[in-house]
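Structural characterization, general
Read off the chains here:
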Amino acid sequence: MNNYFRLTGYCKEHDFCFILDCNGMFEKLWQFSSYVINKGLQVLEISNSEKFIDVNISQAQEDNSHVLLRANANGKPEHLEYEINGVKYNAIKVADKIYIPDNTMRI
C-alpha cells in the first residue's frame, strides 16, 4: 500500500503557505487532509506519491509519527508551468521548492 502523501496548504489567519509530507503516519489520504484541517489550515492540493512528481523535493524516509514540513513561505503558493521531457505540467512552488501535484494534469 502506498501511503506517502504530499499536501500544499494555506493559513489565512497568518497569510503563509506550506508543503507537508507524511510517509506512514496515515493510511488514507483523507486522514492526512482531516489532520491539517483540524489544525485550522486550508488544504489547497493533496496527492499520493503515485500522482505527484518531485521536481526539487526528495522523498522522506518512512516515519509513522511525524508530518514533515518541506517548505513554507509568506502568502499563497505560486502556481507555475513546468516542463519535463517536453511535457508541460501545472506545478506548485513554495519558497524554493517545486513539485507537480498531479502527473495527469498536462498543459
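Below or above, wherever it landed, is the structure these notes cover. (Residues numbered from 1 in each chain as written. Predicted model: local features only at pLDDT ≥ 70, side-chain atom pairs only at ≥ 80, totals over all residues. Heavy atoms only, no water.)

1. A short note on the sheet that holds strand 1 (residues 4–11)
Put simply, the rule is: Note on pairing: two strands pair once DSSP finds at least 2 bridges between them. Numbering of helices and strands runs from the N terminus, with a helix taken as a DSSP run of H or I at least four residues long and a strand as a DSSP run of E at least two residues long. Each axis is a line fitted through C-alpha atoms, and for a helix only the stretch in contact is used; angles between axes span 0 to 180 degrees, taken between their N-to-C directions. Residue contacts are defined here by distance: any two heavy atoms, one from each residue, within 4.5 Å place the two residues in contact.
One open sheet accounts for four strands, arranged 3-1-2-5; its pairing is antiparallel. The two strands at the open ends of the sheet, each matched to only one other strand, are strand 3 (42–48) and strand 5 (68–74). Here the strands of the sheet are splayed against their neighbours by 15° on average, with no regard to which way each runs. Alignment of strand 1 against strand 3, held across six bridges, turns out to be antiparallel. Across the sheet, F5 pairs through a bridge with N48, a residue of strand 3. Running over the sheet, helix 1 (residues 29–38) touches strand 1, strand 2 (16–23) and strand 3 and is turned about 160° from strand 3.

2. Focus: the nonpolar core
Under the convention used in this document: Think of a nonpolar core as a cluster: buried Ala, Val, Leu, Ile, Met, Phe, Trp, Tyr and Cys residues, connected wherever their side-chain atoms sit within 4.5 Å. Remark: exposure states derive from per-residue accessible area (1.4 Å probe, protein chains only) relative to the maximum for the residue type, with buried under 20%, exposed over 50%, and partly exposed in between.
Counting 11 residues, the largest nonpolar core is built from Y4, Y10, C17, I19, F52, I57, A60, A71, I92, V94 and Y99. Elements represented by at least two residues in this core include exactly strand 1, strand 2 and strand 7 (87–94). Setting aside anything within four residues of it in sequence, one finds Y99 in contact with R6, L7, T8, I19, E45, F52, I53, V55, I57, A91 and I92. In terms of nonpolar packing, the next biggest core, distinct from the first, is built from eight residues, F5, L7, L20 and F26 among them.

3. Regarding the side chain of N23
The condition that has to hold: For the purposes of these results, a polar contact is taken to be a pair of N or O atoms within 3.5 Å, where, inside protein, one atom must be able to donate a hydrogen and its partner to accept one; residues adjacent in sequence count only when each atom of the pair is a side-chain atom.
Following the sequence through the fold, N23 ends up in strand 2. The exposure class of N23 is buried, given its relative accessible area of 14%. Polar side-chain contacts of N23 include one of 3.1 Å to the backbone oxygen of A60. Leaving out residues up to four positions away in the same chain, N23 has contacts with N3, Y4, A60, Q61, E62, D63 and N64.

4. Details of the environment of F26
Here F26 shows up in the loop between strand 2 and helix 1. For F26 and E83, which are 57 residues apart along the polypeptide, the C-alpha to C-alpha distance reads 31 Å. Dropping the residues within four chain positions of it, F26 is found in contact with N3, F5, Q31, F32, Y35 and V67.

5. Let's talk about the environment of V55
Residue placement: V55 occurs in the loop between strand 4 (53–54) and strand 5. We classify V55 as partly exposed; its relative accessible area is 25%. A C-alpha to C-alpha distance of 11 Å links V55 and Y89, two positions 34 residues apart in sequence. Beyond its immediate sequence surroundings of up to four residues, V55 is in contact with Y82, I98, Y99 and I100.

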